[in-house]
Amino acid sequence: HAPRLIILEYVPPKSKGAPILLVGKGVTYDTGGLSLKPTKSMFTMKQDLAGAAVLLGVLQAVAAIGLKKRIVVAIPVAENAIDARSYRPDDVIRMPNGITVEISDTDAEGRMLLADAIAYGAKKFKPRMILDIATLTGGSMSAVGEDITQFLCNDSKLASIIMMAAKEADESVWELPLHQP
């Protein structure tokens, strides 16, 4: 199936100002593309749409509680399978914002989907904040385990709010470092 970018908007009456943009990838199935995963690693890949599923639930909750803020949800959906039109390692792709990206591993499709949706959403909606919800890499689970949600944030006040909300919900979170080299 062809990839799609699903845009959903929640616009309450009298909402003003820039929206909050929520982005979550929906990879319906991930074989790794031409950088094919081992068979055993494909068994749980239908869960690679968890970011998209979470955002659909968040949007439903936002509507149910009558939040007074405008929310835009961008959900890039794709299947990462082998096809004649598949990305190849060594391809160079131009993103919507003009930045070029060299593909080194076609199993990093989630990053491409998120980058594409964030670039589109940032340009079209000019949000005051972008929150990205995604299952991205086993590497981060190696760092902190499977029971801890990791996050990156460039706003210390927002990071504190996330940590307090997680504590109230009895969720374990860990803020990963975000620094300029």
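Preceding this paragraph is the structure being described.
Quick caveat: nothing in here was measured; it's all calculated off a predicted structure.

Topic: the side chain of E109
Right, so step 1: Its place among the elements puts E109 in helix α2 (residues 109-125).
Right, so step 2: The buried charged residue E109 lacks any salt bridge partner; its closest oppositely charged side chain belongs to K25, at an N-O distance of 4.6 Å.
Right, so step 3: In terms of polar contacts, E109 uses its side chain to reach the side chain of N80, at 3.0 Å.
Right, so step 4: Sequence-distant contacts of E109, defined by excluding residues within four places in its chain, comprise V27, D30, D48 and N80.

Focus on the layout of surface pockets
Right, so step 1: As a volume, the second largest pocket reaches approximately 700 Å³.
Right, so step 2: Every residue lining the second largest pocket is counted, 28 residues in all, and those nearest its centre are P3, A78, E79, Y87 and L113.
Right, so step 3: Sorting the residues of the lining of the second largest pocket by element identifies β1 (4-10), β4 (71-80) and α2 as the ones contributing at least two each.
Right, so step 4: When residues in the lining of the second largest pocket are grouped by element, the largest group, six residues, is from α2.
Right, so step 5: Residues of the lining of the second largest pocket, tallied by class, amount to 17 nonpolar, five polar and six charged.

Digging into a nonpolar patch on the surface
Right, so step 1: Where nonpolar side chains cluster on the molecular surface, the patch consists of L34, L36 and I82 and spans about 280 Å² of accessible area.
Right, so step 2: With respect to the helices and strands, I82 occurs in the loop between β4 and β5 (92-94).

A closer look at helix α4 (residues 156-168)
Right, so step 1: With 13 residues, α4 extends 18 Å from end C-alpha to end C-alpha; this agrees with the ideal 18 Å at 1.5 Å per step.
Right, so step 2: Where α4 is concerned, the buried positions are L158, A159 and A166. With its buried residues spanning 105° around the axis, α4 presents them on a single face. What points out from α4, more than 90 degrees from its buried face, is the exposed set S156, K157, M164, K167 and E168.
Right, so step 3: At its buried positions, α4 is contacted by β7 (129-133), β8 (149-151) and β9 (173-175).
Right, so step 4: The opening residue of α4, the one whose side-chain oxygen lies 2.9 Å from the backbone nitrogen of K157, is D155.

Conventions and cut-offs
- Residues numbered from 1 in each chain as written.
- Predicted model: local features only at pLDDT ≥ 70, side-chain atom pairs only at ≥ 80, totals over all residues.
- Heavy atoms only, no water.
- Helix = DSSP H or I, 4+ residues; strand = E, 2+ residues; numbered from the N terminus.
- Buried < 20%, exposed > 50% of the residue type's maximum accessible area, 1.4 Å probe, protein only.
- Lys, Arg positive; Asp, Glu negative; His and termini not counted.
- Salt bridge = Lys/Arg side-chain N within 4 Å of Asp/Glu carboxyl O.
- Polar contact = N/O pair within 3.5 Å; in protein donor to acceptor, adjacent residues only side chain to side chain.
- Contact = heavy atoms within 4.5 Å.
- 1 Å grid on protein atoms, 1.4 Å probe; cavity = no way out; pocket = protein on both sides within 12 Å on 5 of 7 lines; lining within 4 Å.
- Points joined across faces, edges and corners; volume = space filled by probe spheres on them.
- Nonpolar A, V, L, I, M, F, W, Y, C, P; charged D, E, K, R; others polar.
- Patch = residues over 30% accessible without salt bridge, like charges linked within 9 Å, V, L, I, M, F, W, Y side chains within 5 Å.
- Areas by Shrake-Rupley, 256 points an atom, 1.4 Å probe, with all protein chains shown as cover.
- Expected span 1.5 Å × (residues − 1).
- Arc of directions from axis to C-beta.

So yeah, pure geometry; function would need other evidence.
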